[in-house]
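A structural walkthrough
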Amino acid sequence: MMSSDLWYSLPLVVAISLVYAGTRHEAMGDIIRHAIRFALWSLVILSGIFALLYFVSENL
Amino acid sequence: MAKAPSPNKPQTQSPGGIDLRDRWLAAFLAWLLPGLGHFYQRRTAKGVLFCVMILSTFCYGLVLGEGRVVYASFGPQERRLPYLSQVGVGLPALPALVQMQRVRAGKEPLFGESRFMAPPNYEQGELSALHLRLNRRWELGSVFTMIAGLLNFLVIYDAFAGPADALRGAPQQKATERPPPGSAGST
């Protein structure tokens, strides 16, 4: 159940990345490039937080 | 894309040279419906992007919460603060205000049994029942709709002032325009 809940973050990351990048640039190419970078960084950071919390909860 | 301003008509341009037309009207339209302000400014591609992404996020949240996670309630029973961010999407969240007024006036909410966007019946413990029935979908629906509303605040600012990198003067482009060291233009 927990792993299925994580899938809900993907559409949010996509939407946030595209809209945020859209407010930074005017050209669609720049928007897409910024959004991809932003999404990847978001996923890396979220994965790190998830791994940390998972590790902590495993040792409770 | 950006169009050149006509000489006999006052225009509002962002630092990036984008014709923002009437920026206050654009900001209001951007709030009213995500992307509408950009359509008004003829920035169609961005308008489509914002409209699709924000409305789909909002609608998905509504579906997850069965239309009950977006409601306005500022009475003694509950202060529904998430609505302050949800209302950022404008028109799609406004039925909640109508429903709140109807409930306050002692009338039945619209949309019958579904009580779409109506505040829960606190006396009958409906809020607890909704939490119990929807479980985590209540939280997920709230988060999706709140994020949609918050994202639209960014879009409203973009419609009002233009893209943020243009405001900063697009440092990447300026770096390429700088003359190389040792050339006649550099000191």
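Relevant structure appears above.
First, a word on what this report is: a plain description of the structure on this page. (Residues numbered from 1 in each chain as written. Chains lettered and ligands numbered in written order. Predicted model: local features only at pLDDT ≥ 70, side-chain atom pairs only at ≥ 80, totals over all residues. Heavy atoms only, no water.)

Some thoughts on helix α3 (residues 28–58) of chain A
Filter applied, for reference: The secondary structure listing takes helices from DSSP runs of H or I that are at least 4 residues long and strands from runs of E that are at least 2 residues long, numbered from the N terminus. Here, expected helix span is obtained from the residue count minus one, scaled by 1.5 Å. Contacts between residues were defined by any pair of non-hydrogen atoms, one from each residue, lying within 4.5 Å.
End to end, α3(A) covers 44 Å across 31 residues, agreeing with the expected 45 Å (1.5 Å per residue, within 8%). Along its buried surface, α3(A) packs onto α2 (9–22) of chain A together with α3 (44–64) of chain B.

Some points on a nonpolar patch on the surface
Residue and element names in this part refer to chain A. Note the following rule: To count toward a patch, a residue needs a relative accessible area over 30% and no salt bridge; like charges are then connected within 9 Å, while nonpolar side chains (Val, Leu, Ile, Met, Phe, Trp, Tyr) are connected within 5 Å. Where accessible areas are quoted, they stem from the Shrake-Rupley method and a 1.4 Å probe; at the residue level, only the protein chains shown are allowed to cover. What makes a salt bridge here is a side-chain nitrogen of Lys or Arg within 4 Å of a carboxyl oxygen of Asp or Glu, nothing more.
Among the surface-exposed residues, W7, L10, M28, I32, I36, L40, L43 and L46 lie close enough to one another that they form a single nonpolar patch of about 730 Å² accessible area. Considering each element in turn, the nonpolar patch owes the most residues, six residues, to α3. When you line up the elements, M28 lands in helix α3.

A short note on the environment of B:V89
Residue and element names in this part refer to chain B. Counting through the fold element by element, V89 comes out in the loop between α4 (82–86) and α5 (95–104). For the pair V89 and G149, spaced 60 residues apart in the sequence, the C-alpha separation amounts to 4.7 Å. When neighbours within four sequence positions are excluded, V89 is seen to be in contact with W31, L32, L33, P34, I54, F58, A148, G149 and N152.

Structural notes on the side chain of B:H38
All names here are of chain B. Cut-off, in case you're wondering: Whether a residue is buried, partly exposed or exposed follows from its accessible area with a 1.4 Å probe, protein chains only, as a fraction of its type maximum: under 20%, in between, or over 50%, in that order.
Inspection of the secondary structure puts H38 in helix α2 (residues 36–40). Assessed through its relative accessible area of 0%, H38 is described here as buried. Beyond its immediate sequence surroundings of up to four residues, H38 is in contact with R43, T44, K46, G47, F50, V155, D158 and A159.

Quick notes on the packing of helix α6 (residues 126–134) of chain B against helix α7 (residues 136–161) of chain B
Residue and element names in this part refer to chain B. Stated precisely, the cut-off is as follows: The convention used is that axes are lines fitted to C-alpha atoms, helices contributing only their stretch in contact, and that angles between N-to-C directions extend from 0 to 180 degrees. Roughly parallel here means an angle under 35 degrees, roughly antiparallel means over 145, roughly perpendicular means 65 to 115, and every remaining angle is called oblique.
Direction vectors running N to C along α6 and α7 enclose 100°, while the axes themselves pass 5 Å from each other. By the angle class used here, α6 and α7 are roughly perpendicular. Across the interface between the two elements, L127, L130, H131 and L134 from α6 touch R136, R137, W138 and E139 from α7.

Describing the interface of chain A and chain B
Put simply, the test is: The term buried area means the drop in 1.4 Å probe accessible area that two parts suffer when joined, counted for both and summed.
Taken residue by residue, the interface counts 19 residues in chain A and 24 residues in chain B. Taken together, both faces of the contact between chain A and chain B bury some 2,000 Å²; the carbon and sulfur share is 74%. If you sort the residues of chain A by the area they bury against chain B, A:Y8, A:V19 and A:E26 come out on top, with a joint share of 33%. Linking chain A with chain B are four salt bridges. Measuring nitrogen to oxygen at the nearest pair gives 3.1 Å for the salt bridge that ties B:K46 to A:E26. Elements represented by at least two residues in the side of chain A that touches chain B include exactly α1 (2–6), α2 and α3 of chain A. Broken down by element, the side of chain A that touches chain B gets its largest block of residues, nine residues, from α2(A).

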